[in-house]
Amino acid sequence: MNRLIADVLIPVAVDIAYSYAVPEHLGVAPGDFVVVPLGRRQAEGIVWDLRRGAADNLKLIQARLDLPPLAEDLRRFIDWVARWTLSPRGMVLRMAIRTPLQAPPEPPRLGVMRAGVLPARMTPARHRVLEALGDGLVLARKELAKKAACSPNVIDGLIDEGTLATTVLVDEPDSVREGISHGPTLEPDQAAAAVELTNQVRRQTFTVTLLEGVTGSGKTEVYFEAVASALETGGHALILLPEIALTAQFLDRFTTRFGERPGEWHSAVGPRRRARTWRAVAEGRIKVVVGARSALFLPFRDLRLIVVDEEHDSAYKQEDGVPYHARDMAVVRGQLSKSAVILASATPSIETRVNAEQGRYGHLRLHARHGGRVLPALSAIDLRKAGPSPGKWISPRLAQAMTETLARGEQSLLFLNRRGYAPLTLCRLCGHRFQCPHCTAWLVEHRFRKALVCHHCGHIEPVPEACPACGGLHHLTACGPGIERVAEEAAELFPNARTLVLSSDLPGGTARMRDELEAVAQGACDIVIGTQLVAKGHNFPLLSLVGVVDADISLANGDPRASERTFQILRQVTGRAGRFETQGQALIQTWQPEHPVIAALLSGDAERFYAEETEQRRRGGLPPFRRLAALIISAKEAAVAERHARALVQAAHAMPPNPAYLLARGAPGPDADGIVLLGPAPAPITVIRARHRFRLLIKAPRGADLQGFIRAVLAAAPPPRGDLRVSVDIDPQSFL
Ligand SMILES: Nc1ncnc2c1ncn2[C@@H]1O[C@H](COP(=O)(O)OP(=O)(O)OP(=O)(O)O)[C@@H](O)[C@H]1O
Ligand SMILES: [Zn+2]
């Protein structure tokens, strides 16, 4: 027997593709969407491979779905991501095809056209309707009403009389080309970078290039040239942005430049529109997508360019489900699709910087802001000497600068990367602190919501009148600042100024934030108080002063990337000042102005910062010099989790040696030549959602087969039982 057999991958938590016989009458090809029997139900899946063989006991594929097939490069990408993250292939496939499979059915769009007979009674409005339809035009009812400047009733009347007939409209084109406008005349180093990138796109081979340039140096204009050349040569492009939902400005800018709106892809886009976008991408009708990390799994037909803007941003790491880093996976997708990959940033990650320095990636640099605009003048305010009075957060010097900025009719931005009113609430009578009942975390007071909130699990409770421990009234005290508290202080200091708080947890969601960011750009407020979301990529023409309320917040939190992150976010946020006509200024409140990160920031000497930080990473045996993986072992009971974590370590040491992943012998120094296992240790946030967590950290030399090692350890250890869970995080970004 030599039947055609299809291995079908189903989007559930399994790694293997199941085999089915292909019925004689059904033509299927690899990549096709099919329906197959699975146990007692039916499932949808993708034909992963076709082969010939004995099919005696195999069930038959039941049907093929009318959806564009997944191309070879995307299927190999899914395989790759699954292997890299140690996730079941079905789960990765799920990310790629959830949208088309779950799309709610489209209601048919009806169009109206002439049917022949003239109406018994002609009116001016009816005349306009017939005129608008001309000879054989089909228009949607609404569109026709608009064109004929009449009420839809007029149209309905004509349909009733048989003068007009309805018909199902075929899909409208997804993008209307209005012609490409040219970008601005590029300055010499912008032009040189653009030439190099457009050449790469034209060559249609895999390349990766770091495009580095200070904020406002024109990186976007430069990579737009590369997008233009992908389009000109008939190819497609993907632009990844970290906070895409908030970047309406970016979409407008793209539209102005290219005369068509790009496909927009992120979680705030509704399921129906996403399904339409998915199909249009697969059919090549949408040529450019601007999206969040999940856009990497879209079925592009001819992907020639992937841009990862703000490549250093930690939002590119997906933490739940399949934990993957979209910047790194973009490079993989680029390799499989033979695309040019551009990683753009004013503050690249150490990883990408080292890759560029060692020649693995190309490196293009823009040295200055365009048009001779200068970067904002930076200075520190030493909180030990010139801080605000106790319980206040805006120092006199910062307040003075804000007064002057207001007087000039310009905007100030106060940056504090902490949501809510205060990070800790305590009772001054008995010392009781409000803690989350499910997590090892203090509850954060949110005054707008009149509640105490856990930032890890979302637990929320009203702020009580009395202390739950001692019953004392009026002694609950907010400790430390959050942006709501800074906003309160700003409003007291400047009662006549228009202040606005921007934070991701205010009611109204994405739509409201988009509006508010737009309002800031239009100059509708004087003082903006915001978290990191205001730091990223926005252009606020009137903004000339940035005040960093507490520069030290994120410096000492045990995360190996703490310095890098602080440097990046502070450079980004101070870079918001003075992007247009005004000269910018940034004041940085800090307790430790001599700290290397703050000093590097103030001196503007990014090179020194990168050199020192890279050296630290080398000495610490940290990425990119070694690779990291974390195993998080969690269970309802601490002892269960800890026991299993220890069993994993034991299993690792008891495994027969394998040259692909040797364990280091002796003390785990920075130059140990094998894999080093650290832990288990209780996670810094020991309990989340009532689960106790232990962490194991694995450091591997670059050449070692880290994934193979973890697979072997998991296989050698006893299988997890009951509510015990082991999750694998390759290249962890969060160490909590
Ligand atoms: N050669 C040029 N001629 C005219 N305007 C330019 C030129 N280059 C850049 N600009 C303008 O300067 C501003 C900043 O440029 P752009 O947004 O491309 O910089 P960027 O490096 O991407 O900034 P960021 O890192 O902050 O996102 C934009 O308004 C852009 O249109
Ligand atoms: Zn909690």
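How each quantity is defined
Residues numbered from 1 in each chain as written. Chains lettered and ligands numbered in written order. Predicted model: local features only at pLDDT ≥ 70, side-chain atom pairs only at ≥ 80, totals over all residues. UniProt positions renumbered as here; feature names shortened; annotations may be inferred. pLDDT = per-residue confidence, 0-100. Pairing = 2+ DSSP bridges. Helix = DSSP H or I, 4+ residues; strand = E, 2+ residues; numbered from the N terminus. Near = placed C-beta within 6 Å. Nonpolar A, V, L, I, M, F, W, Y, C, P; charged D, E, K, R; others polar. Domains from an automatic or database assignment. Buried ≥ 20, exposed ≤ 12 C-beta atoms within 10 Å, placed from the backbone. Contact = placed C-beta atoms within 7 Å. Core = buried A, V, L, I, M, F, W, Y, C linked by C-beta atoms within 7 Å.

The protein appears in an unreviewed UniProt entry as Replication restart protein PriA from Beijerinckia indica subsp. indica. Taken directly from UniProt, the Sequence similarities (unreviewed entry) text for the protein runs: "Belongs to the helicase family. PriA subfamily." The UniProt entry for the protein carries this comment under Function (unreviewed entry): "Initiates the restart of stalled replication forks, which reloads the replicative helicase on sites other than the origin of replication. Recognizes and binds to abandoned replication forks and remodels them to uncover a helicase loading site. Promotes assembly of the primosome at these replication forks."

## Observations concerning the confidence of the model for the protein
When pLDDT drops low, the exact placement of atoms in the prediction is not to be read closely. Looking at the protein, pLDDT values average 88 and 95% of them are 70 or higher. For this predicted complex, the interface confidence reaches an ipTM of 0.96, while the overall pTM sits at 0.84.

## Regarding the sheet that holds strand 3 (residues 33–38)
In a beta sheet, neighbouring strands pair by backbone hydrogen bonds and run either parallel or antiparallel. One open sheet holds the 5 strands; their spatial order is 2-1-4-3-5, and the pairing between them is antiparallel. What marks the edges here is a single partner per strand, and that holds for strand 2 (18–21) and strand 5 (63–64). Both strand 1 (residues 3–9) and strand 4 (residues 41–53) contribute to a ladder of 7 bridges, which runs antiparallel. The partner of Ile5 across the bridge, within strand 4, is Arg51.

## Section: the pairing of strand 4
Summarising the sheet, strand 3 and strand 4 pair through 6 bridges and their orientation is antiparallel. Residue pairing for strand 4: Pro37 is matched across the bridge by Gln42. Hairpin connection of strand 3 to strand 4: 2 residues between the antiparallel strands, including Gly39 at a positive phi of 60°.

## Side note on the site of ligand 1
Residues in close proximity to ligand 1 total 18 residues, the closest being Pro184, Gly218, Lys219, Thr220 and His370. Ranked by residue count, the leading element in the shell around ligand 1 is helix 7 (residues 219–232), at 3 residues. Residues that form the shell around ligand 1 fall into these classes: 3 nonpolar, 12 polar and 3 charged. Structurally, the shell around ligand 1 is a two-domain feature, drawing no fewer than three residues from each of domain 3 (188–371) and domain 4 (374–418 + 481–617).

## What to know about the sheet that holds strand 7 (residues 139–140)
An order of 7-6-8 is seen for the 3 strands of this open sheet, with the pairing classed as antiparallel. With one partner strand each, in any of the chains shown, strand 7 and strand 8 (164–168) form the two edges of the open sheet. Note: strand 6 (residues 110–114) against strand 7, 2 bridges, orientation antiparallel. For Val112, the partnering residue across the bridge sits in strand 7 and is Leu139.

## So, the UniProt feature "binding site: Zn(2+) 1" (unreviewed entry) in the protein
Within the UniProt annotation, "binding site: Zn(2+) 1" (unreviewed entry) is assigned to Cys427, Cys430, Cys467 and Cys470. Across 44 residues in sequence, these annotated residues keep their C-alpha atoms within 8.6 Å of one another, forming a single compact spot. Turning to its location among the elements, Cys430 is positioned in the loop between strand 18 (424–427) and strand 19 (444–446). C-beta crowding within 10 Å serves as the criterion here: with 12 such atoms nearby, Cys430 is assigned to the exposed category.

## Some points on the UniProt feature "binding site: Zn(2+) 2" (unreviewed entry) in the protein
In the numbering adopted here, UniProt assigns the feature "binding site: Zn(2+) 2" (unreviewed entry) to Cys436, Cys439, Cys454 and Cys457. For this annotated set, covering 22 residues, all C-alpha atoms fall within 8.7 Å of each other, a compact arrangement in space. Among the residues examined, Cys436 registers 25 C-beta atoms within 10 Å and is labelled buried. The residues touching Cys436, leaving out its near neighbours within four places in the chain, are Ala441, Leu443, Cys454, His456, Cys457 and His459. Along the chain, Cys454 falls in the loop between strand 20 (451–453) and strand 21 (460–462). Here Cys454 falls in the buried class, since 21 other C-beta atoms lie within 10 Å of it. Excluding residues that lie within four positions of it along the chain, Cys454 makes contacts with Cys436, Cys439, Ala441, Leu443 and His459.

## A look at the nonpolar core
With 84 residues, the main nonpolar core has Val8, Tyr223, Val227 and Ile342 as its most contacted residues. The biggest single contributor to this core is helix 7, with 8 residues. Both domain 1 (3–72 + 81–102) and domain 3 (188–371) contribute no fewer than three residues apiece to this core. Apart from the residues within four sequence positions on either side, Tyr223 is in contact with Leu197, Leu211, Val307, Ile342 and Ala344. Residues Leu378, Ala490, Ile527 and Ala551 belong to the second largest nonpolar core, which totals 48 residues.

## So, the environment of Leu414
Along the polypeptide, Leu414 turns up in strand 17 (residues 411–415). Between the C-alpha atoms of Leu414 and Val528, which are 114 residues apart in sequence, the distance is 6.1 Å. When sequence neighbours within four positions are dropped, the list of residues in contact with Leu414 reads Val486, Ala490, Ile527, Ile529, Gly547 and Val549.

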